[in-house]
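An overview of the molecular structure
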Amino acid sequence: MDLTGKTALVTGASRGIGRATALTLASAGASVVVNYNSNENAAEEVKKQIENHGSSALVVRADVADYSQCEHLVKSAIDHFKRIDILVNNAGITRDNLLARMKEEEWQAVIDTNLNGVYNCCRAVLRPLLKQKSGGRIINVASVAGIHGNSGQANYSAAKGGVIAFSRSLAKELGSRNITVNAVAPGFIETEMTGVLSDEMKEQVLSRIALGRLGKPEEVADVILFLASSADYVTGQVIAVDGSLSM
Ligand code: NAP
């Protein structure tokens, strides 16, 4: 899986699944744009690790919920690396609450980041991608919650379900330009996002996972690498990375 000469933009690459994805794509030879929102030190650390392994990286702050910041993010990538081949829309947040208690801000923040953020980055990257005329790969990080729903996550599930439908539509729109669009749907992955789960909740989740453990960020990154480098004839698909949780 050789990505030498390719440039990948990974949103939310300072931590968790995004960080693992940035490192994995870089180890396959890609130059990587490491996007973050608030955690500059963590993003710079990812850049350092990529450079230590002999690839190039650029750190760019941008809130994916804001279209003009996404335009700036893509422009910075093109200015620096002269091209962009792979977009991984990974940035995401949770604001869990039962609907009866869910504040409008909790609904809106999750929709703005997790769903509108995907629209913003895809829209911003489209013109340069089409202009290059060399195809491209878009991989959106959804969630099993976007397929099956989850109590206390109506906002998150709605956003991730939207990401899945968006990915399928865009795959149909961009297929003739040799741009594939796929989604990965992680189950429970060991990151700061799931670090807040109580031990009791973790036990409940584990009882529903055939592999008997939570996933690792690198295990999601490996599937993203496959979609970004091989998988030439795969588009409009949703690949669960969940140890069986969604079966
Ligand atoms: P995480 O450890 O909390 O990391 C989230 C990343 O997103 C950070 O790099 C953060 O940047 C960035 N981010 C958040 N809001 C942003 C914004 N507005 N603009 C740009 N970047 C932003 O989360 P994770 O567990 O790795 O999750 C990554 C993706 O996988 C998310 O889309 C999540 O919904 C999805 N997912 C995760 C799991 C899981 O079990 N962990 C399961 C299913 C799906 P800063 O560091 O700068 O804040």
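Residues numbered from 1 in each chain as written. Predicted model: local features only at pLDDT ≥ 70, side-chain atom pairs only at ≥ 80, totals over all residues. Heavy atoms only, no water.

**What about the overall build of the protein?**
Selection criterion: Only DSSP runs of H or I covering at least 4 residues are called helices, and only runs of E covering at least 2 are called strands; the numbering of each starts at the N terminus. Taken over C-alpha atoms, the radius of gyration is set against a globule rule of 2.2 Å times the number of residues to the power 0.38. In this description, contact between two residues means that some pair of their heavy atoms is separated by no more than 4.5 Å. Only the protein chains shown count as cover for residues, and all accessible areas are computed by the Shrake-Rupley method using a 1.4 Å probe. Note on charges: Lys and Arg go in the positive column, Asp and Glu in the negative column, and His and the chain ends are not counted at all. Here the site of a charge means atom NZ of a Lys, CZ of an Arg, CG of an Asp or CD of a Glu.
Secondary structure assignment for the protein yields 9 helices and 7 strands. The globule rule puts the C-alpha radius of gyration for 247 residues at 18 Å, and the 17 Å found for the protein is close to it. Along the first, second and third principal axes, the C-alpha atoms of the protein reach 50 × 35 × 35 Å. Considering only intrachain contacts with a sequence separation of at least 6, the fraction spanning at least 24 residues in the protein is 74%. With the model as given, the accessible surface of the protein reaches about 11,900 Å², and the carbon-plus-sulfur share is 48%. Averaged over its 25 positive side-chain charges, the protein has a centre that lies 7 Å from the centre of its 26 negative ones.

**A few points about the nonpolar core**
Put simply, the rule reads: Definition used in this section: a nonpolar core is a set of buried Ala, Val, Leu, Ile, Met, Phe, Trp, Tyr and Cys residues joined via side-chain atoms within 4.5 Å. Here's how the labels work: a residue is buried when its accessible area is under 20% of the maximum for its type, exposed when over 50%, partly exposed in between, all with a 1.4 Å probe on protein chains only.
Judged by nonpolar contacts, the single largest core of 32 residues is most densely connected at Leu25, Val32, Val34, Ile50 and Val184. When contributions to this core are tallied by element, the ones reaching two or more residues are β1 (7–10), α1 (16–27), β2 (31–36), α2 (40–52), β3 (57–61), β4 (86–89), β5 (136–141) and α9 (217–229). Here this core gets 6 residues from one element, more than from any other, and that element is α9. Sequence-distant contacts of Val34, that is, excluding residues within four places in its chain, are made with Val10, Ala13, Ala43, Val46, Ile50, Ala57, Leu58, Val59 and Val60. Membership of the second largest hydrophobic core comes to 31 residues, among which are Leu73, Ala77, Cys122 and Leu126.

**Thoughts on the packing of helix α4 (residues 104–132) against helix α6 (residues 154–174)**
Just so we agree on the cut-off: Between the N-to-C directions of two axes lies an angle of 0 to 180 degrees, each axis being a line fitted to C-alpha atoms and, for a helix, fitted only over the stretch in contact. Oblique is the label for every angle not falling under 35 degrees (roughly parallel), over 145 degrees (roughly antiparallel), or within 65 to 115 degrees (roughly perpendicular). We call a crossing left-handed when the near helix sits turned anticlockwise from the far one by less than a right angle, and right-handed when that turn is clockwise. We call Asp, Glu, Lys and Arg charged. Ala, Val, Leu, Ile, Met, Phe, Trp, Tyr, Cys and Pro are nonpolar, and the rest, Gly among them, are polar.
For the pair α4 and α6, the least separation of the axes is 8 Å and the interaxial angle reads 15°. In terms of orientation, α4 and α6 fall into the roughly parallel class. Considering how the two elements wind past one another, α4 and α6 form a crossing that is right-handed. For the pair α4 and α6, contact is made by Glu106, Trp107, Val110, Ile111, Asn114, Leu115, Val118, Tyr119, Cys122 and Leu126 and by Ala154, Asn155, Tyr156, Ala158, Ala159, Lys160, Gly162, Val163, Phe166, Leu170 and Leu174, respectively. Looking at the contact of α4 with α6 residue by residue, the class counts come to 16 nonpolar, 3 polar and 2 charged.

**Considering the site of the ligand**
Inclusion rule: In these notes, residues near a molecule or strand are those with any non-hydrogen atom within 4 Å of it. Pairing of N or O atoms within 3.5 Å defines a polar contact, subject to two protein rules: one partner must be a possible hydrogen donor and the other a possible acceptor, and residues neighboring in sequence count only if both atoms are side-chain atoms.
Every one of the 32 residues lining the ligand counts as a neighbour, but Ser14, Ser38, Asn90, Tyr156 and Thr191 are closest to it. Within the contact set of the ligand, an oxygen atom lies 2.8 Å away from a backbone nitrogen or oxygen of Ile17. Here Asn90 contributes a backbone N or O atom positioned 2.7 Å from an oxygen atom of the ligand. Looking at the shell around the ligand, the elements that each hand over two or more residues are α1, β2, α6 and α7 (192–195). Examining the composition of the shell around the ligand, we find that 3 residues originate from one element, α7, more than from any other. Its residues placed into classes, the shell around the ligand shows 14 nonpolar, 14 polar and 4 charged.

**A word on the pattern of salt bridges**
Applied cut-off: One speaks of a salt bridge when a side-chain nitrogen belonging to Lys or Arg is within 4 Å of a carboxyl oxygen belonging to Asp or Glu.
Per the stated rule, a full pass over the model turns up 7 salt bridges. As a salt-bridge pair, Glu51 and Lys47 come within 3.0 Å of each other at their nearest N and O atoms. Of the two residues, Glu51 and Lys47 both sit in helix α2, 4 residues apart, roughly one turn of that helix. With relative accessibility at 21%, the residue Lys47 sits in the partly exposed group. Between Lys75 and Asp79 there is a salt bridge, and its shortest N-O distance comes to 2.9 Å. Of the two residues, Lys75 and Asp79 are both situated in helix α3 (residues 67–81); the distance of 4 residues between them amounts to about one turn of the helix.

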